[in-house]
Amino acid sequence: MLDKTYLPAEVEAKFSAIWEASDAFAAHPDSAATPYTIMMPPPNVTGSLHMGHALTFTLQDILVRFHRMKGFDVLWQPGTDHAGIATQMVVERQLASEQNDRHRLGRASFIERVWSWKAESGGTITRQLRRLGASPDWSRERFTMDAGLSAAVRKVFVELHRKGLIYRDKRLVNWDPKLHTAISDLEVEAQETKGSLWHFKYPIEGEPDSFITIATTRPETMLGDSGIAVHPEDERYRHLIGKFAILPLVNRRIPIVGDEHADPTTGSGAVKITPAHDFNDFEVGRRHGLALINIFDRDARLNENVPEQYRGLDRFEARKRILADLEPLGLIAQVDPHTYMVPYGDRSQVVIEPWLTDQWYCDAATLAKAPIAAVESGRTVFVPKSWENTFFEWMRNIQPWCISRQIWWGHQIPAWYGPDGAVFVEESEAAALAAAEIRYGKPTELRRDEDVLDTWFSSALWPFSTLGWPDETPELKRYYPTDVLVTGFDIIFFWVARMMMMGCEFMGEVPFKTVYIHALVRDERGQKMSKSKGNIIDPLDLIDRYGCDALRFTLAALAAQGRDVKLAEQRVEGYRNFATKLWNAARYAEMNACVYVPGFDPASCRLTVNRWIAGALNDAAQSAAEAIEAYRFNDAANALYQFAWGGFCDWYIEFTKPILLGEDEAAKRETRAMTAWVLGEIMHLLHPLMPFITEEIWEHLAGAVSGRLVTSRWPDYPAGLRDAAASAEMDWVVRLISTIRAIRAEMNVPGGAQVTLLLKDAAPATLERLAAHGDLIRRLARLDRAVPLVGEVPKGAVQIVLDEATLVLPLGDIMDLTQERQRLGKEIARLDGEIEKIGKKLGNEQFIAKAKPEVVQEQRERQSEHEQARQKLTDALTRIAAL
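Description of the structure in this document. (Residues numbered from 1 in each chain as written. Predicted model: local features only at pLDDT ≥ 70, side-chain atom pairs only at ≥ 80, totals over all residues. Heavy atoms only, no water.)

Here we look at unusual backbone geometry
Excluding glycine, most residues fall at negative phi; most peptide bonds, likewise, are trans.
Okay, step 1: With an omega of 15°, the peptide bond between Trp-469 and Pro-470 qualifies as cis.
Okay, step 2: The residue Pro-470 is located in the loop between helix 15 (462-465) and helix 16 (474-479) in this model.
Okay, step 3: The residue after Tyr-480, namely Pro-481, is reached through a cis peptide bond having omega 0°.
Okay, step 4: With respect to the helices and strands, Pro-481 occurs in the loop between helix 16 and strand 22 (482-488).
Okay, step 5: A positive phi angle, close to 60°, is found at Gln-349, a residue other than glycine.
Okay, step 6: For Gln-349, the location among the structural elements is in the loop between strand 13 (332-345) and strand 14 (353-362). (Helix = DSSP H or I, 4+ residues; strand = E, 2+ residues; numbered from the N terminus.)

With respect to the packing of helix 11 (residues 369-377) against helix 17 (residues 492-507)
Okay, step 1: Packing of helix 11 against helix 17 brings their axes to within 8 Å, and their N-to-C directions diverge by 100°. As summarised for this structure, helix 11 and helix 17 are arranged roughly perpendicular, according to the angle between their axes. Taken together, the residues of helix 17 that come into contact with helix 11 (itself represented by Ala-370, Pro-371 and Val-375) are Met-500, Met-501 and Cys-504.
Okay, step 2: For the contact of helix 11 with helix 17, the residue count by class is six nonpolar, no polar and no charged. (Axes fitted to C-alpha atoms, helices over the stretch in contact; angles between N-to-C directions. Parallel < 35°, antiparallel > 145°, perpendicular 65-115°, else oblique. Contact = heavy atoms within 4.5 Å. Nonpolar A, V, L, I, M, F, W, Y, C, P; charged D, E, K, R; others polar.)

Things to note about the pairing of strand 28 (residues 797-802)
Okay, step 1: Pairing geometry for strand 28 and strand 29 (residues 805-810), over six bridges, is antiparallel. Considered in strand 29, the bridge of Val-798 is made with Leu-809.
Okay, step 2: Linking strand 28 to strand 29, which pair antiparallel, is a turn of two residues; within it Asp-803 sits at a positive phi near 55°. (Pairing = 2+ DSSP bridges.)

Re helix 6 (residues 124-131)
Okay, step 1: Within helix 6, burial applies to Ile-125, Thr-126, Gln-128 and Leu-129. Projected down its long axis, helix 6 carries its buried residues within an arc of 160°, all on one side.
Okay, step 2: Of the surrounding secondary structure, the elements contacted by the buried residues of helix 6 are helix 2 (51-69), strand 3 (79-80) and helix 18 (539-546).
Okay, step 3: Note on helix 6: the residue one or two positions beyond its end, Gly-133, has a positive phi of about 90°. (Buried < 20%, exposed > 50% of the residue type's maximum accessible area, 1.4 Å probe, protein only. Arc of directions from axis to C-beta.)

Quick look at the structure:
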């Protein structure tokens, strides 16, 4: 017997252990079944479960559980990412607490320390994924630094280098002055800053008292200026193009060039160009051959390339000194308050510096050609399709990819340097030494490059390195290319595109056929979650309070394509109530002796209500399957929710209670068997979304003899299961009762009042239905009688059309119409006030300009909700006026 109350924590722990111990999630490379493969985006080994993880892994788990049930040989490949900078910082903080640091420890000992940390603490995220119900083949878990993947990384690096697609170059990078490494764009977060826009006057060479005014937010970089850009069609400056200005404080001649980068409508229209410290300026400098003058060292202090009085100063101290020195020279034209975005390192929280340095680069433009062609030809499809435009925009304008990082934890670059600076790129030190001996004619000591590869480099190989590449394994042959990648839009460029590059280059084919891009999880107001806003929702906390299934179902129900997920705790609580509803339905079945009958044939049922629910189940199953296959997770959740709560719990159980309490034993046997069968089928259909509660109910309903849901088949019903006549008849009963209930609620009819239903112009078939189901209709719609109308429509009656008939409900003697008119009028007036207030906000240009997009959207949604509520009340008032 099921307990009175569902206890999620106990059930979740129980089945997590059972499923994994029984290898329920295992892939079977020797199977004759069609393979279905998803690569798990490897979470950082340092990570803990956040709401973005909860969404993406829930959607992936729905897909893999569904396809297992459909008979596919499913491989959901799990693993974690070594997360170079993040992991190194964790261990460095540990060392700092011990009054130690990595430099004193030495590189080899530090790496050993990181591996020790990984062994002790690196499994947190995978334990949390198990709590979410994730069902990958855990026996195949990989790590981006394990031996096999490391060998793949070295091979790819060496082969790309030999093809000229990896090379050394001096370019600008995002430099973190605290961590002393280049970082990727994804590790840079822009923070809104209230600062100043300084307007400086640069003297024109050979023209006394003539100046060109530039505007900048970074005065300290002026010491590295090597040019000034103006728009070639800007009449104010066209005559200066080709002339020179004199850089204040440095007295360096810098050319004035015409370039469309300069925006005549921004600032003064003239832009100082510092090619060594600004990404846009770097490109302008390259177009015009301007000098690259690096004025910062690795700590972002000014170096030997600036006048002596500024050397060694921190960049922000230098800013103050430069402003103080320009002021008495009369070269500061004006200072404006200015709000702008400043790049910070997401881990160091210091301002990132565009810095000119020698790094290893990958020729992304060449590697991007094959993925572009694959998407153009449809070999890889994005869902929603609109993301293809974003993909093309980035790929067709791609820049060289900086793949080196100045840290210790990661894949050390397989490059060695000879005494003359010659570079030997090989898969092993032995191979490098052998190549050096050939070059120098004798054994020669080499120095290995100290940099490591960008974490995204090894992640880019994930779809094939995890399957054993470069070895030609059975898994690689069977599971590559994969079927779908599920991920967020923020890493289309950093991960999705790079996996496509590497897959096309080394496997000759794209790594996945479909890329499903899900949206962000925001708070209930549509705002991005952040610590500073205090609006972060912890998925583990929600699981503790409401159960894993409630959270999973909520995320699926809100995962509409192309729309951000607005997560309110009340929604999770609401779907916890859905789980409770299922539990109570199962208890009802037990208490009424509704026993699961193996081999039960629903098509053999004779009762209309049983034939109807079988057809409704068939429709729900078909809708859910089609929605999951089309990545419309919200539609799948809604179809199953509406059937399970509405069709089965609210209608079928209520319709059949009189049968189970009646004297017809054959009808009771049939209905008990049908109730148990439908409940079992609901558990099958809901299992991909709500695996734990469905497995528990199924175990009690069908027993161990029927096997577990996790390895069961998705329901497949015969074409004749849907009885059109039964469906039409019972759907009419549902619509009739629902319409009457809606009128009662709309007209504020007292709950205990018995109402008369008169049917006007009803066809014979409708009257037959009324006669057949009269008792049900009277009980569920709270009617004293339901009969055909004879004569005129009574005064004070509400009329509403249902199919060919008109429903007539005499309400004049049941309710105080005057009081109800007043109530409706007051509520309409209140809503009018709210609508007007919101309308004024939305009509205020200043509000629209200053408010965040999500706040504006929230106001529009509230306005729409109020307008819909007002319309319902207006309809009710119109009906009362007609009485």
